[in-house]
Amino acid sequence: MNMICNAADAIDSYGNCVKPPDANRVNTSIGAQNKQQRDDCVVNLGLAVQTLREDMPLIFAEDFNYEIYRDDITFMDPLNTFTGIDSYKIIFWALRFHGRIWFRDSSVVILSY
């Protein structure tokens, strides 16, 4: 079959004209993916903030909801570094344990959101 190819077209191994992808369609698709990622991030951020608002006041009384944390979370302070969700859970267990031993009434009050 004899086809006329434009300068922008490519020729495949069978001698057929291959049109390049429509740049506008590709950019729109990438733009839509980026918008979806941003939207997902905002939703995840909102869920994280809401979960922390619910969990923090009860830090000395109940265990956290750890669903907002990644499995490879890293906790760092000037003296220690702990990696992994299990280590993170142990930190807060120890905080609750020692809070119950050393203090009569331990609580956290969120003053501003």
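Residues numbered from 1 in each chain as written. Predicted model: local features only at pLDDT ≥ 70, side-chain atom pairs only at ≥ 80, totals over all residues. Heavy atoms only, no water.

Visitor: Explain the overall build of the chain to me, please; I cannot follow it from the model alone.
Guide: Across its full length, the chain carries two helices and four strands. Helices (α) and strands (β) of the chain occur, in sequence order from the N terminus, as β-β-α-β-β-α. The buried share among the 113 residues of the chain stands at 15%. Taking as baseline every contact in the chain between residues at least 6 positions apart, the subset at least 24 positions apart corresponds to 33%. (Helix = DSSP H or I, 4+ residues; strand = E, 2+ residues; numbered from the N terminus. Buried < 20%, exposed > 50% of the residue type's maximum accessible area, 1.4 Å probe, protein only. Contact = heavy atoms within 4.5 Å.)

Visitor: What is the right way to read the pattern of salt bridges from this model?
Guide: Oppositely charged side chains may form a pair once their charged atoms are brought near each other. Tallied over the full model, the rule gives two salt bridges. One salt bridge connects Arg 96 with Asp 63, and the closest N-O pair in it is separated by 3.4 Å. Taken together, the residues Arg 96 in helix 2 (residues 85-102) and Asp 63 in the loop between helix 1 (23-55) and strand 3 (74-76) connect sequence positions 33 residues apart. For Asp 63, a relative accessible area of 43% translates into the label partly exposed. Between Asp 72 and Arg 70 there is a salt bridge, with its nearest N and O atoms 2.6 Å apart. Taking relative accessible area as the criterion, Asp 72 reaches 41% and is therefore assigned partly exposed. (Salt bridge = Lys/Arg side-chain N within 4 Å of Asp/Glu carboxyl O.)

Visitor: Would you mind showing me how to read helix 2 here?
Guide: The periodicity of an α-helix, 3.6 residues per turn, causes residues three or four places apart in sequence to face the same way. Taking 1.5 Å per residue, 18 residues should reach 26 Å; helix 2 reaches 26 Å between its end C-alpha atoms and fits that length. Within the sequence span of helix 2, burial applies to Ile 85, Tyr 88, Ile 91, Phe 92, Arg 96 and Gly 99. Seen along its axis, helix 2 keeps its buried residues to an arc of 130°; they face one direction. Set apart from the buried face of helix 2 by more than 90 degrees, the exposed residues are Asp 86, Ile 90, Ile 101 and Trp 102. Looking at the buried positions of helix 2, the neighbouring elements they touch are strand 3 and strand 4 (81-83). (Expected span 1.5 Å × (residues − 1). Arc of directions from axis to C-beta.)

Visitor: Just checking my understanding: could you explain a nonpolar patch on the surface for this structure?
Guide: A surface patch of nonpolar side chains, about 620 Å² in accessible area, is lined by Trp 93, Phe 97, Ile 101, Trp 102 and Phe 103. By the secondary structure assignment, Trp 102 is in helix 2. When its relative accessible area of 61% is taken as the criterion, Trp 102 is described as exposed. (Patch = residues over 30% accessible without salt bridge, like charges linked within 9 Å, V, L, I, M, F, W, Y side chains within 5 Å. Areas by Shrake-Rupley, 256 points an atom, 1.4 Å probe, with all protein chains shown as cover.)

Visitor: I keep staring at the packing of aromatic side chains and nothing clicks. Help me out?
Guide: Geometry of an aromatic ring pair is reported as the spacing of the ring centres plus the angle between the planes. The full count for this structure, using the stated rule, is eight aromatic pairs. For the ring pair Phe 64 and Phe 92, a centre distance of 4.6 Å and an interplane angle of 40° mean the geometry is tilted. Here Phe 64 is found in the loop between helix 1 and strand 3, whereas its partner Phe 92 is found in helix 2, with 28 residues between them in sequence. Classification of Phe 64 as buried rests on a relative accessible area of 7%. Looking at Phe 92, the relative accessible area reads 8%, which means it is buried. Cluster of aromatic residues (ring-pair linked, three or more members): Phe 64, Tyr 66, Tyr 69, Phe 75, Phe 82, Tyr 88 and Phe 92. (Phe/Tyr/Trp six-rings, centres within 6.5 Å; stacked < 30°, edge-to-face > 60°.)

Don't take any of this as a statement about function, it's just geometry.
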